[in-house]
Amino acid sequence: MLDASTTTAPRVAGPAEPADDDLELLLLIRHFELSLLDLFSAGKLNGTTHTCLGQEHVPVALGPLLGEGDYVFSNHRGHGHYLARFRDPEGLLAEIMGRQGAVCDGVGGSQHILRGRYLSTGVQGESLPVAVGTGLHLKRHEPGSLALVHIGDGTWGEGSVYEALNMAQLWRVPVVVAVENNGIAQSTPAALQMAGSIEGRVTGMGIAYRRIESCDVHDIRTAVEADVEQVRATNRPLVLEFSVPRVGPHSKGDDTRTQEELADARSRDWYEVYGRRFPEGFARADARLRERVSQVTRDVDARPLSEWRDACLAPSA
Amino acid sequence: MLDASTTTAPRVAGPAEPADDDLELLLLIRHFELSLLDLFSAGKLNGTTHTCLGQEHVPVALGPLLGEGDYVFSNHRGHGHYLARFRDPEGLLAEIMGRQGAVCDGVGGSQHILRGRYLSTGVQGESLPVAVGTGLHLKRHEPGSLALVHIGDGTWGEGSVYEALNMAQLWRVPVVVAVENNGIAQSTPAALQMAGSIEGRVTGMGIAYRRIESCDVHDIRTAVEADVEQVRATNRPLVLEFSVPRVGPHSKGDDTRTQEELADARSRDWYEVYGRRFPEGFARADARLRERVSQVTRDVDARPLSEWRDACLAPSA
Amino acid sequence: MPRSERVVENLNAALHRVFAEDESAYLIGEDLADPYGGAFKVGKGLSTKYPGRVLSTPLSESGFVGVANGLALTGNTVFAEIMFGDFAFLAFDQLCNFAAKSVSMYGSRQELRMVVRCPVGGHRGYGPTHSQAVQKHFMGVPNLALYELTPFHDSADVFAEMVGRGEPCIHFEDKTLYGTRRWTEGTDDLFEFGFAGARREYGTAQPRVGSGDADCVIIATGGTAPLALQAARKLFLEAETVCRLVVPSRLYPLDLSPVEGMLARARRIVVVEEGVAGGTWGADVAQEIYERMWESLSGRVRLVHSDSSVIPSAAHLEREVLVQAEDIEKTVREALAR
Amino acid sequence: MPRSERVVENLNAALHRVFAEDESAYLIGEDLADPYGGAFKVGKGLSTKYPGRVLSTPLSESGFVGVANGLALTGNTVFAEIMFGDFAFLAFDQLCNFAAKSVSMYGSRQELRMVVRCPVGGHRGYGPTHSQAVQKHFMGVPNLALYELTPFHDSADVFAEMVGRGEPCIHFEDKTLYGTRRWTEGTDDLFEFGFAGARREYGTAQPRVGSGDADCVIIATGGTAPLALQAARKLFLEAETVCRLVVPSRLYPLDLSPVEGMLARARRIVVVEEGVAGGTWGADVAQEIYERMWESLSGRVRLVHSDSSVIPSAAHLEREVLVQAEDIEKTVREALAR
Ligand SMILES: Cc1ncc(C[n+]2csc(CCOP(=O)(O)OP(=O)(O)O)c2C)c(N)n1
Ligand SMILES: Cc1ncc(C[n+]2csc(CCOP(=O)(O)OP(=O)(O)O)c2C)c(N)n1
Ligand SMILES: [Mg+2]
Ligand SMILES: [Mg+2]
C-alpha cells in the first residue's frame, strides 16, 4: 500500500486526448464559471463568487473514482466540484442567482450547498473534522466508502486541518484530502503563508501522501486510482496535493498578481494545453458547451425568484 | 546551524554528579510538589494542581541558558518552571494557598501566573501564538532575546500549535518550544492521541528540532546550548522534545496507569537516578531541601488571606 | 426535601440509557475511556460497554466537535463533552457556524441529533480559565438550543428531549451539582417540590403553607437553584416571605407560558444566574417578561448574577465574585421593600 | 445632511494616523499587504509605508489573534483584522480566555492595547457564513470593550479612545457603511446632526423643528443608523412624529448617562440592531433603561432586530430576514399607538 512517503505521479510528456465525457465536463465547468463572471459584470449577481478557472480538472479527474456512497466536502471554490458530481448547471446557477430550481433555494448561495452526499461551506478548514466524523460513520456502516474533502493551500494555515488529520490517522478513517494548491490564498502567495511543505506536514503525521503535477485527467486517474482504493481497503487517510494554476481572480476583479504570474498560470491551464494539442475536436466541444451554458443562463435568468422550500425554516414561520 | 532534520542528543552512559546549585533546585521543586500533594490530602488546598514530579530537570537544565530578557510561557504543569526562574517557593505557595505574598494575589492560582517575563495560563495551546507575538517584539527591540514555551505532548492535539509554528517559521521568530513529552495527556497515552511524531510534524514545517532523552541536566545543557544560541542569532524557531516520565498523578489522585507503567516512570526519574548514583551527597541535600520546603509551608500556611493588590480590579470596586 | 441518587449518577445512567436504546449513540471528548470516564466521571462505564462508540480524543476541542458534526450529519446521535465549559470557546465556530447553521442554511431542514455537554461554573477554586458560566455567549444562535442541568430534572428526560429536537443543543452542567443529590417531587419540612408545564419544563419549589400568590418568584438556572432555595428558606423562616422557585430545563429558546400565570400574580420577579454581569441570560428573560406581561407587572424584574470579574482561584476571593445565597436573599428583600 | 469623505477613507486615515503617531502600532490579519490592503481595503497603503508593522498572516484567526495578544502584552499597540466577523468565532478563545482575562487574572492590572476589527452584517449577499452581526456574543466579558463603527464618529477619535483603555476592544464595522459618506455635525433639509456626551459618546439626529421632547428616541447601532434615520425621516414627513436618533460609539460596557435625560423625557424608546433575535444587545440596553429609569418610563422599551434565522444568500430572501427601515418605522408607529 501507499506509504507515508513522497510519491510523485509519473510525469507524462503531454496530455492524451481526453475522453469525450471528460472534455464535456471540463468545458461545462469552464463556461459556467466564465458565464458567472459575465453575469457579475452585468450586475446580475450579488454577493461574491469564487470561480475554479484553471482547477476544473481536479474534480473531473476524481469523479469516476468516486462512488455514490462517497461523500464530497467542498469549499468556497466549489462550482467545479458540484458540477463534476451532478452535472447540474441549472440547479447551481439558480442557487447563485436565487431563482426557482435552486439546489438550496438560494439560501446557501455559491458557497453553501448541500445535496445528497455533497456539502460545501464557506469557513476554511471547518469541513475537515466534519469529514472525519462522516468517514467514521462510513467505516462502520458502509465500509469501502470514503469522504473526500477539497481544500486549498491557504487553508493549511488553519489549526482545524491538523486536529482533523491527527484524528483521521489515529482512528484510521477513510478520508481523502484533495489539496488544490494554486500557490495563492486570496492575495497571499504560498511562500508567505506556508512554512515547509504540505508533504512534510502530512507525512510527519504518518499519513499517506501523493503529489500530482499533471493537468491531464487520464494521467491523474492512473496515478491516484490505486491510492484511493487503498483508502477504501484500509481506512487509512490520504492526502493528494494537486499543483494547479488559478487562472481567474480570487473572487471578482481582485487579482493583484503580475502579468508574468498570470501568464504563467495561463500556460499551465488545461484549457490551453488541451486546446493547443487537439485544436479541432476541442474547438467544436468548446463551442458546444459555451452554447449550452449560455442557454442555461438565459433559462435560469428568466425564472422567478426562489422560495424557502421548507416553510418552517422561513423566518416568517 | 541546526537544520530541519532529526538530531539526537548524545546518549551518555549515566549522569554526572550535578552541580550543587542544580541539585538544590531540582530538590526544591521535588519537595515543593510533594508538599502540595500532602496539603491536598490534608484538605488545605482547593481547586486543582498539577505537579511536575519527574519533569523537574527540564526547567532546571534550561535555566542557565536563559537571560533576563527572555520570556518564559508556562502551562498547567508550571511550578517547576516558575521555581527554576525565580526560586521563590514562598510566593508560589502563597499563590496556590491564597495567602499574603502571593505572586498574583491568589487570583490566578496554580495555573495562572504572571511575573515579569514569566506567564502561565491554563488553556492548552493558547500560549504558543502569544509567544510568537512576544518573539516578534523581541526580535525588533531586543535582538538576541527569545521566548521559551513549555508544552506537553498532548497539547500537540490543539490546532493553535500548528498555526503558531507556521507563523514562527515564516516570519523567523525567536521562539523555543520545550515539549515535555511524558507519554500521556491526563489519562490518555500518547499512542492514542498523537499520529506520527512531533519530530515529523515539526520538520515538516521546516523547523529545527532536537530530541533529548537524558535526564542529566548537564548533558541536556551541553546538547542544546548551541541550538538555543542559534535561535538568538538567526531568529529561527526551535523545538526541543524532552522525553520525561510523569511520576505523579495528572492532578491529584487521578492516575489510572498500571503498576508497570508507574514503575517504568519511576525508574526514569532523575530523583532515582541521581539518588542511586551519589547516595550520600544526594541524601544530605534531599533532607535539607525537604526541611526548607516544610518551613516554607508552615510559614505560608500561617499567613493571612491574600487581597487584590490592585483595588480597582476587585469586583467590589 | 425528598432526595434520591446523586446528580452525576443520574447523568451517567441517562447516558447509559441512550446508549442502550440507540445503536447510533456516540460520546466524544477528552479522557472518556474507562477507567477515567471523563474528568467528572459522567461517562463512566460507557467505553467498556460500547467500545466503538466512545471516542476519547486528543486535545482538539474544535476538531472533535467537528467530528461530532460529521457523525450527526450522517444520522447518528452524538454527545460531545467539553472538559471545562471555558474551552467551548475553542469550538465556537464548529458549534455556531457549522452545527447550528447546517440545520437551515441549505434551504431544507437538515436533522442533527447532537448534544454538547459543558461542565460550567465556579465555587471549586479551579481558577479563571476553568470556572466560567459561559451560557450567555451562546444565546440567540438560530437552531442552537441551550439546556441546563437542574437538581429537579431527570437527565434521561432532558436528553431525550434534546435528541428529539433534531438540532444541536448545548447542555450546561454546573459542576457543583454533580456531587449533590437530586430533588424529587414531594415535600420536605418546609417546601413542596414539583414541576410546571406539560413536559415538566420547569422545576418548582414553594413553601408548603404559602398556597396563595407568591411575594416573589425566583427564576433561577439549574446551577444556582440550590442557592435560590437556600435564600427562599431563609426568607420564609425569617421574614415569612413566600418565594416560589422556578428552574427551567431549557434556557434558550425560552418559553415562559407554563409559568406565565404564576409570574403574572407575583408581586416581584427575580432572575438568578451565575454568569457575570453584562449581556446576561437574565436580561433576556426580563425582556421576555416585559414583552408578555407589561400591563400586569407590579414592579421591575431584578437580576442577580456574578460580578463583572474573572473568577479568582483563591476560595475567599472567588466567593466575593460569585453569586451567593445571600445575594439572592438581599435582592428579594430589596425588591419587596419598594 | 452634511456629508464628508467615505467611511472607509475615514477608517483608513485613522489607521494611518495611529501608525504615524505610534511607533509601536501593528496591523495583523489576512491579505493586508498592498496592493490588496485587506478584503475591504481599510488597511490600504499601510504595508507600503510601514512594512515591518503590517503582518499579512496565513489563514489562522485563532493564531494571529494570539500573536496580537503577544504583541500587546509586550507593550505594543495592536490592531487585528478578522476578514469577516463570523470568523471571530474561531478566535473566541484567544479573545475571551486570553486577551480579556489577562488584564485582571494575574492580580495586578496588565495593560493591553489591542483592537480587533470585525467587518460584520449582511445586506451584501455574502451568505450565511459571511453575514452575521456577531456583536451580542461578545457582551459581558470583563475587560473586553465593544465598539461599533458609526456614520457619525471620526474613527481617529474612536481608535484613540479604544487604545487609551489599555484593554482589548472589538471594533465592529458594518460592511454597508464602508462605501457610504460620513455624517458630520450640522443640518440637512430636515434633521440636525450632533453628539451627546462630553466625549461625543453618542451621535444624535433630530428633526430641526421638533425642539420639544421627542415622541420616540431610537437607539440604534452604527450599522443600523442609516435605516433608523430613514425611518425617522419618513415618520416625520408622513406622521409628524418626532424621533430622535441616538447612536452609541461604544456598545459595551454601556453608559447611558449622556442620553439619560433625553430618554427620560421620551414617550417611547426603541432599540435597533441588526443581530438576530435572542440574547440581543437591545435586551441589555432595555435592562439598563428599566433599572435606571423605571419610575419615569411611560412605556416598555421596544426592540428591533433581525429574525431568528441564518442570513440567506439571495437578496430577496436576505431582505426578509434582516432589519429594514420599514421594521423600525412600524415598531415606532406601534409603540406610539398604545
Ligand atoms: C476561516 C476563514 N478565514 C478566511 C476566509 C476568507 N477567505 C476565503 S477564501 C480565502 C483564501 C483561501 O485560500 P486557499 O485555501 O488557498 O484556497 P483558494 O482560494 O486558493 O482556492 C480566504 C482568506 C474564510 N473563508 N474562512
Ligand atoms: C484547551 C484545553 N483542553 C483541555 C484541557 C484539560 N487538560 C489539562 S492538562 C490536559 C492534558 C495535557 O496533556 P499534556 O499536554 O501532555 O501535558 P501533561 O499534563 O502531560 O504535562 C488536559 C486535557 C485544558 N487545560 N485545555
Ligand atoms: Mg490557494
Ligand atoms: Mg503529557
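Structure: see above.
A. Geometry of the sheet that holds strand β3 (residues 118-120) of chain A. Residue and element names in this part refer to chain A. Taken together, 7 strands build an open sheet; the order of strands is β2-β3-β1-β4-β5-β9-β8 and the sheet is mixed. The sheet is open, and its two edges are formed by β2 (114-115) and β8 (208-212), each paired on a single side. Across 6 bridges, strand β4 (residues 147-152) lies against strand β5 (residues 175-181) in parallel orientation. Counted as the bridge partner of V149 is V177 from β5.

B. Local environment of the site of ligand 2. Neighbouring ligand 2 are 23 residues, the closest being H76, R77, D153 and T155 of chain B together with E61 of chain C. Around ligand 2, the neighbouring residues derive from chains B and C rather than from a single chain. One of the side-chain N or O atoms of R77 of chain B is found 2.6 Å from an oxygen atom in ligand 2. The contact in question runs from a nitrogen atom of ligand 2 to an N or O atom on the side chain of E61 of chain C, over 2.6 Å. Compared with its free state, where it exposes 580 Å², ligand 2 has 99% of that area covered by protein. Of the residues belonging to the shell around ligand 2, the class tally is 7 nonpolar, 10 polar and 6 charged.

C. Region of interest: the coordination of the magnesium ion (ligand 3). Residues and elements named next belong to chain A. The magnesium ion (ligand 3) binds to the protein through D153 (OD), N182 (OD1) and I184 (O), with metal-donor distances spanning 2.0 to 2.1 Å. Sequence spacing of the donors to the magnesium ion (ligand 3): D-x28-N-x1-I. You can see D153 sitting in the loop between β4 and α6 (159-170) and its partner I184 sitting in strand β6 (residues 184-185), a full 31 residues away along the chain. As far as burial versus exposure is concerned, D153 and I184 are alike and both buried.

D. Quick look at the sheet that holds strand β3 (residues 54-57) of chain C. All names here are of chain C. Taking strand neighbours across the sheet as the criterion, the 7 strands line up as β3-β2-β4-β5-β7-β6-β14 in an open arrangement whose pairing is mixed. The strands lining the two open edges of the sheet, one partner per strand, are β3 and β14 (250-252). Neighbour-to-neighbour, the strand axes of the sheet open up by a mean angle of 20°, direction not taken into account. Sheet topology places strand β2 (residues 25-30) next to strand β4 (residues 77-81); 5 bridges connect them, and they run parallel. Pairing of G29 across the sheet is with E81, part of β4. Across the sheet, helix α3 (residues 61-73) is in contact with β2, β3, β4 and β5 (113-120); its angle to β2 comes to roughly 170°.

E. Region of interest: the coordination of the magnesium ion (ligand 4). Residues and elements named next belong to chain B. For the magnesium ion (ligand 4), the full set of protein donor atoms is D153 (OD), N182 (OD1) and I184 (O), at a range of 2.0 to 2.1 Å. Binding-site remark: the magnesium ion (ligand 4) is held by donors from one chain whose sequence spacing is D-x28-N-x1-I. We classify D153 as buried; its relative accessible area is 1%. By relative accessible area, I184 is classed as buried at 8%.

F. Structural detail: helix α5 (residues 127-141) of chain A. Residues and elements named next belong to chain A. In this model, α5 (15 residues) spans 21 Å end to end at C-alpha, consistent with the 21 Å of a helix rising 1.5 Å per residue. With 12 of its 15 residues buried, α5 lies for the most part within the structure. For α5, the full list of buried residues reads S127, L128, P129, V130, A131, V132, G133, T134, G135, L136, H137 and L138.

G. Just the interface of chain C and chain D, in detail. Contacts between chain C and chain D engage 38 residues on the former and 38 residues on the latter. Across the chain C to chain D interface the summed buried area is about 3400 Å²; carbon plus sulfur atoms make up 63%. Residue K101 of chain C pairs with D86 of chain D through a salt bridge whose shortest N-O separation is 3.5 Å. Where chain C touches chain D, the interface holds 14 residue pairs in polar contact (both at pLDDT 80 or more). The residue inventory of the side of chain C that touches chain D, partitioned by class, reads 18 nonpolar, 13 polar and 7 charged.

H. The arrangement of the packing of aromatic side chains in detail. Scanning the entire structure with this criterion turns up 59 aromatic pairs over all chains. With 4.6 Å between their ring centres and 55° between their planes, F89 of chain C and F92 of chain D make a pair best called tilted. Of this pair, F89 of chain C sits in the loop between β4 and α4 (92-104) while F92 of chain D is found in helix α4 (residues 92-104), placing the two residues in two different chains. The class of F89 of chain C is buried, set by a relative accessible area of 0%. The interplanar angle of 70° and the centroid separation of 6.5 Å between the aromatic rings of F40 of chain D and Y126 of chain D together place this pair among those described as edge-to-face. Of this pair, F40 of chain D sits in the loop between β2 (25-30) and α2 (46-49) while Y126 of chain D is found in the loop between β5 (113-120) and β6 (145-148), placing the two residues 86 residues apart along the sequence. Considered together, F40 of chain D and Y126 of chain D belong to a single accessibility category, that of buried residues. By way of ring pairs, the aromatic residues F89, F92, F138 and F172 of chain C together with F89, F92, F138 and F172 of chain D are connected into one cluster. The lysine or arginine in question, R115 of chain A, covers the ring of F86 of chain A, its NZ or CZ lying 4.1 Å from the ring centre.

I. Representation of the pairing of β4 of chain A in the model. All names here are of chain A. Most of β4 is tucked away, with 6 of its 6 residues classed as buried. Along β4, one buried face is formed by A147, V149 and I151 and the opposite face, lined by L148, H150 and G152, is buried too. Following the backbone out of β4, through α6 and into the adjacent parallel β5, one traces a crossover that is right-handed.

J. Local environment of the relation of the copies chain C and chain D. By a simple turn and slide, chain C fits onto chain D: the slide is 0.0 Å along the axis, the RMSD is 0.0 Å, and the turn is 180°. The operation mapping one copy onto its partner corresponds to a two-fold rotation axis. Relative to the rotation axis, the closest C-alpha in chain C is found at H137 of chain C, a distance of 2.4 Å. When the interface residues of chain C are mapped onto chain D, 100% of them again fall at the interface, so both copies present the same face.

K. Layout of the site of ligand 1. Every one of the 23 residues lining ligand 1 counts as a neighbour, but H76, R77, D153 and T155 of chain A together with E61 of chain D are closest to it. What surrounds ligand 1 is not a single chain but chains A and D. D153 of chain A is positioned with one of its side-chain polar atoms (N or O) 2.7 Å from an oxygen atom of ligand 1. Across the complex, the protein chains shield 99% of the 580 Å² of accessible surface that ligand 1 would expose by itself. For the shell around ligand 1, the per-class residue count stands at 7 nonpolar, 10 polar and 6 charged.

L. Structural view of the relation of the copies chain A and chain B. For these two chains of identical sequence, chain A goes onto chain B by a turn of 180° and a shift of 0.0 Å along the axis, with RMSD 0.0 Å. When the interface residues of chain A are mapped onto chain B, 100% of them are again interface residues, pointing to one common binding face.

Thresholds applied
- Residues numbered from 1 in each chain as written.
- Chains lettered and ligands numbered in written order.
- Predicted model: local features only at pLDDT ≥ 70, side-chain atom pairs only at ≥ 80, totals over all residues.
- Heavy atoms only, no water.
- Pairing = 2+ DSSP bridges.
- Helix = DSSP H or I, 4+ residues; strand = E, 2+ residues; numbered from the N terminus.
- Near = heavy atom within 4 Å.
- Polar contact = N/O pair within 3.5 Å; in protein donor to acceptor, adjacent residues only side chain to side chain.
- Areas by Shrake-Rupley, 256 points an atom, 1.4 Å probe, with all protein chains shown as cover.
- Nonpolar A, V, L, I, M, F, W, Y, C, P; charged D, E, K, R; others polar.
- Donors = N, O, S within 2.8 Å, 3.2 Å for Na, K, Ca; no water.
- Buried < 20%, exposed > 50% of the residue type's maximum accessible area, 1.4 Å probe, protein only.
- Axes fitted to C-alpha atoms, helices over the stretch in contact; angles between N-to-C directions.
- Contact = heavy atoms within 4.5 Å.
- Expected span 1.5 Å × (residues − 1).
- Buried area = accessible area lost by both parts, 1.4 Å probe.
- Salt bridge = Lys/Arg side-chain N within 4 Å of Asp/Glu carboxyl O.
- Phe/Tyr/Trp six-rings, centres within 6.5 Å; stacked < 30°, edge-to-face > 60°.
- Lys NZ or Arg CZ within 6 Å of the ring centre and 35° of its normal.
- Right-handed = clockwise from strand over helix to strand, strands pointing away.
- Least-squares fit on C-alpha atoms with pLDDT ≥ 70 in both.

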